[in-house]
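This is what each chain is made of:
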Amino acid sequence: MVHAEQQDSQTDGAVDGGRSRTASSIVVHRHALECPGCGAFYRQPPRSQLEVHCTRCHTVLRRTTRSPERDTVALAGTGLALFILVGLMPYITFDMRGRENVGTMLGGALAFWEYGLWVLGLIVMFTTLIAPFLRLVGLLAAVTAPRMRKPPRELYILLRVAQWVRPWSMIEVFMLGMLVAYSRLEALAHVRFGVALYALGGLMLVMAAMDWALDPRDAWNKLEARGLVADPVMMGEARRNAATTRFDERHAISCHGCGLVVEGADHDASCPRCGSFLHRRKPDSVTRTIALVVAAVLLYIPANIYPVMIITSLGDTSPHTIVGGVKELIEADMWPLAALVFFASVMVPVLKVIGLVWMILRVRRPSVEGLKTRTRIFHVIEMIGRWSMIDVFVVTILIALVHMGFIATIQPGPGALAFAGVVIITMLAAETFDPRLMWDAAIDQQRSTRRSRDQAAEEGPDRVRLVSSSGVSVQGGLSR
Ligand SMILES: [Zn+2]
Ligand SMILES: [Zn+2]
């Protein structure tokens, strides 16, 4: 594990060349990168460093393998082959009194349509089929494109889409949902696993390995080198400008889409490499996060009051809420599963909301203390939110398989849609929140305290100038 070397601001070796920077003179700093956790700028570490962390907040800046391209191609190719099996073959067969029901991935999503819950059907279809497919195809195309003789320029869009769908691709969460659903199905009738279930297990491992192997920054650099970018003319101009412009982190913006560090971009200009809008920080981050957190809290109430599914067994109808489902697992002595469902469905949404509220408060009332811990907690919140989808997938699997009329039928309840809403909205809230704002606010506060102390000591403005805009002492320099 290696820690990155912090970028020197303004003391860079390149000479300004007397160029006056106008609003349209965009500059690209190909050797700079910004930490998404705290906003510190670094010099791109050499490719031999496979794992690099931010020295200030410990966020992972790079984690890859020795040959990321070869590994990504092999893994995405294998993943696509497995995906075909997952999409076409049944993953489970449910046999009850001679009547057989076969469960397929598409059938699960379509089952919601039958009950008029098409929004839920779309959510399940997107997270279990469309997003994994887009990620596999996008990465395979983007990594192989630079080697093609005449690749279409638009291939960069596929890499952008593949990165965007990453948190929404939930193969591993579906697998866990399958485990919980199996424990219920087994009690009802004879259950056999199909080919797709083994393929699904393989796909889960392949996609996890692919996420590890891929170095998005490297993939973007390769596309850029072949001219496969959103605006090749502007990109060329920005690169030429870089030769005569020194790096100034006060004006630098790192693109949210591809990580390119640019300077001199107009307000709301788009990235010349990936076409995303350029913002120094996520726009209206705090206001939007507050709105999403409030919406999630409001939806959390019906999600827990209303049943997520209604089970009919030999004419007896009983509604099942999320907490009720946990109780049943405890009664059936399935403690590990009960603990898992309780944590993922009940605790995770609450912890996410508490965590985000705490972070928003820390932007408004900044404190240097615990910044590193808060940034780490933010990354955990970002990562665990998707696991709450387990219950939605359990309902999907059960309603698709158990429809034997009077004998046994499972229908989705209104709580399922509200619960899926809570999961998606809290995931969006975590995506909208910009952890760098906590650092900005704390550094601003620290700087103003220092400035007033310095003024009191009558040390003059020279002392202030020694502190970089990120508020930390900097070392190293930009190498071109
Ligand atoms: Zn950092
Ligand atoms: Zn970009």
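What you see is a predicted model; the values in this text were computed from it and never measured.

1. Quick word on the overall build of the chain
Looking only at helices and strands, the chain has 16 helices and 14 strands in total. C-alpha extents for the chain along the principal axes are approximately 85 × 60 × 35 Å. Split into buried and exposed, the 480 residues of the chain put 43% on the buried side. A separation threshold of at least 6 residues defines the contact pool for the chain, and within that pool the share at least 24 residues apart is 76%.

2. Notes on the sheet that holds strand S10 (residues 252–254)
Read across the open sheet, the three strands follow the order S2-S11-S10; overall the sheet is antiparallel. Looking at which strands have only one partner, the edges of the open sheet turn out to be strand S2 (27–28) and S10. The pairing of S2 with strand S11 (residues 261–263) spans two bridges and is classified as antiparallel. If you follow valine 28 over to S11, its bridge partner there is valine 262.

3. Quick notes on the nonpolar core
Nonpolar side chains tend to gather and get buried jointly when the protein is soluble and globular. Grouped together as the largest cluster of nonpolar side chains are 137 residues, with contacts concentrated most on Ala142, Leu203, Val262 and Leu398. Sequence-distant contacts of leucine 203, that is, excluding residues within four places in its chain, are made with Gly79, Leu82, Phe83, Val86 and Ile171.

4. Concerning the UniProt feature "transmembrane region" (unreviewed entry) in the chain
Within the UniProt annotation, "transmembrane region" (unreviewed entry) is assigned to residues 72–92, 115–143, 164–183, 195–214, 290–314, 334–363, 384–407 and 413–430. Annotated as residues 115–143, this span is 90% helix and 0% strand, and its ends, taken at the C-alpha atoms, are 41 Å apart. Taken as a whole, residues 164–183 contains 70% helix and 0% strand, while its terminal C-alpha atoms sit 34 Å from one another.

5. Section: helix H14 (residues 414–432)
For H14, with 19 residues, the first-to-last C-alpha span of 27 Å sits near the 27 Å given by 1.5 Å per residue. A large share of H14 lies buried, amounting to 15 of its 19 residues.

6. Side note on the packing of helix H11 (residues 335–364) against helix H15 (residues 436–456)
Viewed as axis vectors pointing N to C, H11 and H15 meet at an angle of 30 degrees, and their least axial separation amounts to 8 Å. As far as their axial angle goes, H15 and H11 are roughly parallel. For the pair H11 and H15, the sense of crossing is left-handed. The residues of H15 that touch H11, namely those facing Met359, Arg362 and Val363, are Leu437, Met438 and Ala441.

Conventions we followed
Residues numbered from 1 in each chain as written. Chains lettered and ligands numbered in written order. Predicted model: local features only at pLDDT ≥ 70, side-chain atom pairs only at ≥ 80, totals over all residues. Helix = DSSP H or I, 4+ residues; strand = E, 2+ residues; numbered from the N terminus. Buried ≥ 20, exposed ≤ 12 C-beta atoms within 10 Å, placed from the backbone. Contact = placed C-beta atoms within 7 Å. Pairing = 2+ DSSP bridges. Core = buried A, V, L, I, M, F, W, Y, C linked by C-beta atoms within 7 Å. UniProt positions renumbered as here; feature names shortened; annotations may be inferred. Expected span 1.5 Å × (residues − 1). Axes fitted to C-alpha atoms, helices over the stretch in contact; angles between N-to-C directions. Parallel < 35°, antiparallel > 145°, perpendicular 65-115°, else oblique. Left-handed = near helix turned anticlockwise from the far one by under 90°.

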